[in-house]
Amino acid sequence: IGRQLILDYIGLAASGRATDASVATLANQRVESIPTLSKAPTITYADLKIVSDSKQNFQNYADELTIIYTSYVEQISQARSEIANLRTLNPALYAFALKFSIAYQEATVKLKNLSAPNSLAPTHLQLINSFLSSAAALEDVSKTDQDSATALAGLITFNENSSKEMIYLDKIAQILTSNGI
């Protein structure tokens, strides 16, 4: 992004169009492109295992989701216990981000294999895609020393996903509750 900004500025200057307004517009365009640097795969409904809405299927889903989420939280807690400072950019922080990414990846595989009752499928899909995105974003953060712009994009994406994931989990809990689970 930085190199492209400089090249674009040189192009503006060479053509005599480097005004304060044109440079500000150029900078804003480059800044706006940062969040798009972090790329993640997504899945569709066709990739889900969807089952009928029955009390047993809702219970199975709730039980398996609890196991998956508990394992995910334990992995994050373990990784967090291994790092003293999350506020300083250093190899330990990058290693933590990678472990966090791996926890997301492993949870995603399990979530994709989880049979979701039909009424949970849309939210289940959103949760999986958010986990896929967070896994990719944290992997980007783990490579901060290689590509700081993509790492920043990953951090922005992860921040956005974190709040969405809680909303999806709350919605899943509401659907389960409304179905007697």
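Everything discussed here concerns the structure shown above.
Predicted model only: the values in this text are computed from it and were never measured. (Residues numbered from 1 in each chain as written. Predicted model: local features only at pLDDT ≥ 70, side-chain atom pairs only at ≥ 80, totals over all residues. Heavy atoms only, no water.)

*Asks:* An account of the packing of aromatic side chains is requested, with residue identities and associated values reported.
*Replies:* Applying the stated criterion to the full structure yields 8 aromatic pairs. Ring geometry for tyrosine 72 against phenylalanine 131: centres 5.3 Å apart, planes inclined by 40 degrees, an arrangement best described as tilted. Of this pair, tyrosine 72 sits in helix H3 (residues 55-81) while phenylalanine 131 sits in helix H5 (residues 121-142), and the two are 59 residues apart along the sequence. When its relative accessible area of 7% is taken as the criterion, tyrosine 72 is described as buried. (Phe/Tyr/Trp six-rings, centres within 6.5 Å; stacked < 30°, edge-to-face > 60°. Helix = DSSP H or I, 4+ residues; strand = E, 2+ residues; numbered from the N terminus. Buried < 20%, exposed > 50% of the residue type's maximum accessible area, 1.4 Å probe, protein only.)

*Asks:* Residues and numbers for H3, please.
*Replies:* Taking 1.5 Å of rise per residue, 27 residues should cover 39 Å, and H3 covers 39 Å from first to last C-alpha, within 8% of that figure. Listing the buried residues of H3 in full gives Asn57, Phe58, Tyr61, Ala62, Leu65, Ile68, Tyr72, Ile76 and Ala79. Next to the buried residues of H3 lie strand S1 (49-51), helix H4 (91-113), strand S2 (115-117), H5 and helix H6 (148-178). (Expected span 1.5 Å × (residues − 1). Contact = heavy atoms within 4.5 Å.)

*Asks:* Give a description of the packing of H3 against H6 that names residues and reports values.
*Replies:* Two elements in contact, H3 and H6, have axes whose closest approach is 11 Å; the angle formed by their N-to-C orientations is 150 degrees. On the basis of their axis angle, the class for H3 and H6 is roughly antiparallel. When you trace H3 past H6, the crossing you get is left-handed. In this structure, H3 contributes Phe58, Tyr61, Ala62, Leu65 and Tyr69 to the contact, and H6 contributes Met166, Leu169, Ile172, Ile175 and Leu176. In the contact of H3 with H6, the residues fall into 10 nonpolar, no polar and no charged. (Axes fitted to C-alpha atoms, helices over the stretch in contact; angles between N-to-C directions. Parallel < 35°, antiparallel > 145°, perpendicular 65-115°, else oblique. Left-handed = near helix turned anticlockwise from the far one by under 90°. Nonpolar A, V, L, I, M, F, W, Y, C, P; charged D, E, K, R; others polar.)

*Asks:* Now, about the pattern of salt bridges: what can you tell me, with residues and values included?
*Replies:* A full pass over the atoms with the stated rule returns 1 salt bridge. One salt bridge connects glutamate 139 with lysine 143, and the closest N-O pair in it is separated by 3.3 Å. A relative accessible area of 28% means that glutamate 139 is categorised as partly exposed. Using a relative accessible area of 33% as the deciding quantity, one classes lysine 143 as partly exposed. (Salt bridge = Lys/Arg side-chain N within 4 Å of Asp/Glu carboxyl O.)

*Asks:* Hey, could you go over the packing of H5 against H6 for me, with residue numbers and the actual values?
*Replies:* Running from amino to carboxyl end, H5 crosses H6 at an angle of 155 degrees, the nearest separation of the two axes being 8 Å. As far as their axial angle goes, H6 and H5 are roughly antiparallel. Where H5 crosses over H6, the two elements pack in a sense that is left-handed.

*Asks:* Can you tell me about the layout of surface pockets, naming the residues and giving the values?
*Replies:* By volume, the largest pocket is sized at about 280 Å³. Lining the largest pocket we find 14 residues, and of these Leu89, Leu93, Val141, Thr144 and Leu155 sit closest to its centre. Mapped by element, the contributors of at least two residues to the lining of the largest pocket are H4, H5 and H6. When residues of the lining of the largest pocket are assigned to their parent elements, the largest contribution, 5 residues, is made by H6. Here the residues of the lining of the largest pocket sort into 12 nonpolar, 2 polar and no charged. (1 Å grid on protein atoms, 1.4 Å probe; cavity = no way out; pocket = protein on both sides within 12 Å on 5 of 7 lines; lining within 4 Å. Points joined across faces, edges and corners; volume = space filled by probe spheres on them.)

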